[in-house]
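The chain contents come next:
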Amino acid sequence: MKYLIIISSLVCCVFWSSNPLQAQSQACGDPAPDWPNILTAAQVNQYAASNFQAPSFNIRIKFHILRQTNGTTGPSVADINTQLGYLNANFASHNISFTLDPTNFINNSNYVTGSYVGTYSDGSSRYVPFTRDTLYPQYGATNRLDIFVWPSEFGFLAGNAINIPNDYMAISEVKFSALWSAHISHEAGHCLNLLHTHQSANLTCPNAAKEEVDGGNCATAGDLCCDTPADPKLNNGGSVYNTSTCTYSDTVPRDCENAIYTPDGANIMSYGNQCRSIFSVEQRNRMHAELSFGAKGPNMLVCNTTLAVTGTITDGLYSANTTVNCNGDVNSGANVQFSAGTTINFTTGTKLSSGSSVKASLGGCNPN
Ligand SMILES: [Zn+2]
């Protein structure tokens, strides 16, 4: 019998390298700046292989609703709850959930009519600098994911994550219907370090950043995920995707090896519109890595749970957003992981039987 009093931690350990994605890509139709905080596939895979993953992440979010000064327009509280439901439905199977802060209603007709945002000169993308330079500095915060809702008066716009990763994003009121239930999750995915499945597909061959259909360069090209097929950019100047049947049969777009694409329009980070509902395993790993040690993720997590582990402890992962208190007997040969946001306590009397293995990690969260 051995006795264990160990606290170990997974600390921020991020190594950036130059990557081919910078300065040549778009996020939902708008020019993107350099993305210095994109995780490499190697970083994500190393994280996933470490078994130091906190299995449950709870993200604080706050909606900001732009509406007329008299408050008569814009989505309702019920509409916001519906959007929250879409988010939780799409992320639940990946152990990511969302906690809603009180919604902020911004009653300012100047922000709704378009005349104010129209002072920017770069066409339709003026809504991005408006959100970045005017809204976020006034209403945003770094300890949550701020979601600005562009009013229907702006027109039929896509949303925008503005940066990847990011702690704020915009979605459009005109896409609040069930038909567009993946819309909010798509932008949230960008905020959690996900690229489009068609990332860099618009580049002219040869180009190392353009993903090959056979997956030969999947770790360093496209969306940097090897379990999402190469994607030519569905129904957006690239290829024909049938959103009624959710099928792709276009043989015209080719990769740099002249192969026909077989994209997955069900992936939330594609442009499959109403066909979208899933994230892949590598996308989940990438989001978990961002939430564990990325540039924006850890600060957005809520610290709100404590877990007591007592009695006979068998194989498993024992996790809480804030604290894990362990006082029990780890079975002989058991493989156990503990994960918490801030603290793991092994109190006197905790026993580790022969042949057992215990790992512990602190995933980080924001106590404010
Ligand atoms: Zn996008």
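> Please give an account of the overall build of the chain that cites residues and values.
Counting secondary structure elements, the chain contains six helices and 17 strands. Evaluated residue by residue, the chain yields a buried proportion of 45% over its 368 residues.

> Before we move on, could you go through helix α6 (residues 281-293) and cite the residues and values that matter?
Taking 1.5 Å per residue, 13 residues should reach 18 Å; α6 reaches 18 Å between its end C-alpha atoms and fits that length. Burial within α6 is extensive, with twelve of its 13 residues counted as buried. Its buried side turned inward, α6 meets α1 (41-49), β4 (57-67) and β5 (96-100).

> Please set out unusual backbone geometry residue by residue, giving values where relevant.
Look at the link from I164 to P165: it is a cis peptide, with omega at -5°. Along the chain, P165 turns up in the loop between β7 (145-150) and β8 (168-172). Positive phi is not limited to glycine here, since S200 has a value of about 70°. Of note in the backbone geometry, K233 takes a positive phi value of approximately 90° without being a glycine. When you line up the elements, K233 lands in the loop between α5 (183-191) and β9 (241-242). Under the C-beta neighbour-count criterion, K233 is labelled buried, with 22 such atoms within 10 Å.

> So what about α1? Which residues, and what values?
Residues of α1 that are buried: Q43, V44 and Y47. Buried residues of α1, viewed axially, fall in a sector of 95°; they line one side. Contacts made by the buried residues of α1 are with α6.

> Go over the environment of D315, please, and point to the residues and values.
Among the structural elements, D315 can be located in the loop between β11 (306-313) and β12 (316-320). Here D315 falls in the partly exposed class, since 13 other C-beta atoms lie within 10 Å of it. On a C-alpha basis, the gap between D315 and A334 in space is 5.0 Å, while along the polypeptide they are 19 residues apart.

> Describe the confidence of the model for the chain, naming the residues involved and giving the relevant values.
When pLDDT is averaged along the chain, the result is 84, and 85% of the positions lie at 70 or above. Across residues 1-27 the pLDDT falls below 50, and counting only partners more than four positions away or on other chains, this stretch makes 51 contacts in the model.

> Please set out the nonpolar core residue by residue, giving values where relevant.
I59, L145, I147, V149, W150 and M169 are the most contacted members of the largest nonpolar core, which has 58 residues in total. The element contributing the most residues to this core is β4, with six residues. When we break this core down by domain, the ones giving at least three residues each are domain 2 (55-194 + 279-299) and domain 3 (197-275). Among residues more than four places away in sequence, those in contact with W150 are L66, Y127, L157, A170, S172 and E173.

> For the packing of α1 against α6, give the residues involved together with the corresponding values.
Where α1 contacts α6, the two axes come as close as 9 Å, and the packing angle between them is 85°. It follows from the interaxial angle that α1 and α6 lie roughly perpendicular. Counted together, Q43, V44, Y47 and A48 of α1 and E282, N285, R286, A289 and S292 of α6 form the full contact between these two elements.

> Explain the environment of I162 residue by residue, including any values.
With respect to the secondary-structure elements, I162 resides in the loop between β7 and β8. Residue I162 is classed as buried on the basis of its C-beta count, with 25 C-beta atoms lying within 10 Å. Separated by 30 residues in the primary sequence, I162 and R132 have C-alpha atoms spaced 7.4 Å apart. If sequence neighbours within four positions are ignored, I162 has contacts with V128, T131, R132, Y168 and M169.

> How would you summarise the packing of helix α2 (residues 77-91) against α5 if you had to cite specific residues and measurements?
Each pair of packed helices gets described by two things: the angle between the helix axes and the distance between those axes. For the pair α2 and α5, interaxial distance at closest approach is 8 Å and the crossing angle is 60°. With respect to α5, the element α2 is oriented oblique. As for the relative orientation of α2 and α5, their crossing is right-handed in sense. From α2, Q83, Y86, L87, N90 and F91 reach across to α5, where they touch I184, S185 and A188.

> An account of the environment of S354 is needed here, citing residue identities and associated values.
With respect to the helices and strands, S354 occurs in the loop between β16 (351-352) and β17 (357-362). We classify S354 as exposed; it has 8 C-beta atoms within 10 Å.

Rules of the game
- Residues numbered from 1 in each chain as written.
- Predicted model: local features only at pLDDT ≥ 70, side-chain atom pairs only at ≥ 80, totals over all residues.
- Helix = DSSP H or I, 4+ residues; strand = E, 2+ residues; numbered from the N terminus.
- Buried ≥ 20, exposed ≤ 12 C-beta atoms within 10 Å, placed from the backbone.
- Expected span 1.5 Å × (residues − 1).
- Contact = placed C-beta atoms within 7 Å.
- Arc of directions from axis to C-beta.
- pLDDT = per-residue confidence, 0-100.
- Core = buried A, V, L, I, M, F, W, Y, C linked by C-beta atoms within 7 Å.
- Domains from an automatic or database assignment.
- Axes fitted to C-alpha atoms, helices over the stretch in contact; angles between N-to-C directions.
- Parallel < 35°, antiparallel > 145°, perpendicular 65-115°, else oblique.
- Left-handed = near helix turned anticlockwise from the far one by under 90°.

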